[in-house]
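Close look at the chain arrangement
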Amino acid sequence: MSAATPRRRTALAFTTTATALALLLSGCGLGGSDGKRIRVGVSGDSPEWDVLAKEAKKEGLNVETVVFDDYSLPNKALGAGDIDLNAFQHLVFLAQSNTANKTDITPVAATTVVPLGLYSSKHKQLADLPDGASVTLPNDPSNQGRALHVLEQAKLIELKKDAGLFATPDDITANPKHVKITPVNAQQTPRTLQDADAAVINDGVAQLAGIDAKSALYKDDPASPQALPYLNVIAARADRKDDADFQKIVKLYASQAVQDEVRRTSNGTAHHIELPASELRDELGRITKQLAAR
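1. Focus on the packing of aromatic side chains
Aromatic ring pairs: the centre-centre distance and the angle between the two ring planes describe each pair. Here the structure, examined in full by the defined rule, presents four aromatic pairs. On the basis of an interplanar angle of 45° and a centroid distance of 6.2 Å, the ring pair of Tyr-71 and Phe-88 is categorised as tilted. Here the residue Tyr-71 occupies a position in the loop between strand E3 (62–68) and helix H3 (73–79), and Phe-88 occupies one in strand E4 (residues 85–90), the gap between them amounting to 17 residues. By relative accessible area, Tyr-71 is classed as buried at 15%.

Structure representation (structure tokens):
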């Protein structure tokens with residue numbers, strides 16, 4: 001983060017209950033209400049929000065980020081009112097989180113969609129994976145389903161035709177290379193490369209671990225229509241989705257300065273997509289129905 005950044009970043013590097021989280025945020029000076037202050041929950045380092053915060057100052061907004069290292073926390077903080085927005089998740093994850101936590105968090109804008117890759121520290125090409133290769137992947141329902149589809153696209157496994165977005169290892173119908181699949185916490189996938197033959201690793205997690213996205217043995221196509229459910233979003237509580245200050249944030253995120261930083265920090269892997277919030281909410285509803293039908 002640049003020394004000239006105009007806002008404060010607060011790091012939360014642990015798991016906690018919603019109540020404890022609210023107390024801690026209050027203790028850090030982030031609780032309560034401040035008309036022109038926008039608190040945004042992110043996961044890991046997000047330098048594009050540094051750029052956005054600088055631009056937001058010109059709009060009379062003070063943007064602060066709260067950094068979480070556990071994917072389960074930003075939605076809890078948003079639902080509790082301890083932050084105003086978050087920007088860390090795709091639509092499938094949001095649908096699963098809303099369902100599990102009985103929250104009403106909704107997208108206000110799209111940000112980027114990024115590829116999901118299969119990485120290895122032992123093998124240089126997909127064809128090098130041996131028979132019986134051990135492969136780890138994220139264990140949360142949204143990312144596990146996408147990871148399994150990545151393995152299917154790589155022709156390592158086959159899934160039931162109706163496996164859908166929330167596929168599990170039980171949906172595997174063919175495994176010609178006898179791949180041994182182990183779901184683990186998404187943040188732990190890079191560490192498993194020490195022992196496993198390969199791992200499916202989220203783009204953001206890979207970046208934090210210093211893994212070059214170009215080194216992937218295989219990755220899906222973020223520009224394909226099938227990637228729409230995995231479009232990352234800026235999200236708010238439904239009762240604040242039309243907040244005028246939030247709309248300023250949305251416009252700033254799409255600005256040239258912010259998008260230049262997104263491209264720089266993602267090494268060109270992130271694809272910015274602009275869709276009306278109404279379309280994002282329709283897609284969220286479709287995903288939620290599929291989740292309920294599981």
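There is more to say, and it comes next.
2. Quick word on the layout of surface pockets
In this model, the largest pocket occupies a volume close to 1100 Å³. If you trace the largest pocket, you find 44 residues lining it, with Ser-43, Tyr-71, Asp-203, Gly-204 and Val-205 closest to the centre. Secondary-structure elements contributing two or more residues to the lining of the largest pocket are strand E1 (9–12), helix H2 (47–57), E3, E4, helix H5 (141–153), helix H6 (203–208) and helix H8 (256–265). It is H6 that provides the largest number of residues to the lining of the largest pocket, a total of five residues.

3. Digging into the pairing of E3
The side chains of a regular strand alternate, first on one face of the sheet and then on the other. Burial of E3 is extensive: six of the seven residues sit out of reach of the surface. Strand direction decides the pairing type here: strand E2 (residues 37–43) and E3, joined by seven bridges, are parallel. What sits directly across from Gly-41, in E3, is Val-66. Assessed by its sense of winding, the connection that carries the chain from E2 through H2 to E3 is right-handed.

4. A look at the sheet that holds strand E12 (residues 198–201)
In any sheet, the strands associate via hydrogen bonds between backbone groups, in a parallel or an antiparallel arrangement. Pairing is mixed across the open sheet formed by five strands, whose spatial order is E11-E8-E12-E7-E13. Single-partner strands in this sheet number two, and they are strand E11 (180–184) and strand E13 (218–219). Sheet topology places strand E7 (residues 117–119) next to E12; three bridges connect them, and they run antiparallel. If you follow Tyr-119 over to E12, its bridge partner there is Ala-199. Against the sheet, H5 contacts E7, strand E8 (134–138), E11, E12 and E13, and its axis sits at roughly 140° relative to E8.

Thresholds applied
- Residues numbered from 1 in each chain as written.
- Predicted model: local features only at pLDDT ≥ 70, side-chain atom pairs only at ≥ 80, totals over all residues.
- Heavy atoms only, no water.
- Phe/Tyr/Trp six-rings, centres within 6.5 Å; stacked < 30°, edge-to-face > 60°.
- Helix = DSSP H or I, 4+ residues; strand = E, 2+ residues; numbered from the N terminus.
- Buried < 20%, exposed > 50% of the residue type's maximum accessible area, 1.4 Å probe, protein only.
- 1 Å grid on protein atoms, 1.4 Å probe; cavity = no way out; pocket = protein on both sides within 12 Å on 5 of 7 lines; lining within 4 Å.
- Points joined across faces, edges and corners; volume = space filled by probe spheres on them.
- Pairing = 2+ DSSP bridges.
- Right-handed = clockwise from strand over helix to strand, strands pointing away.
- Contact = heavy atoms within 4.5 Å.
- Axes fitted to C-alpha atoms, helices over the stretch in contact; angles between N-to-C directions.

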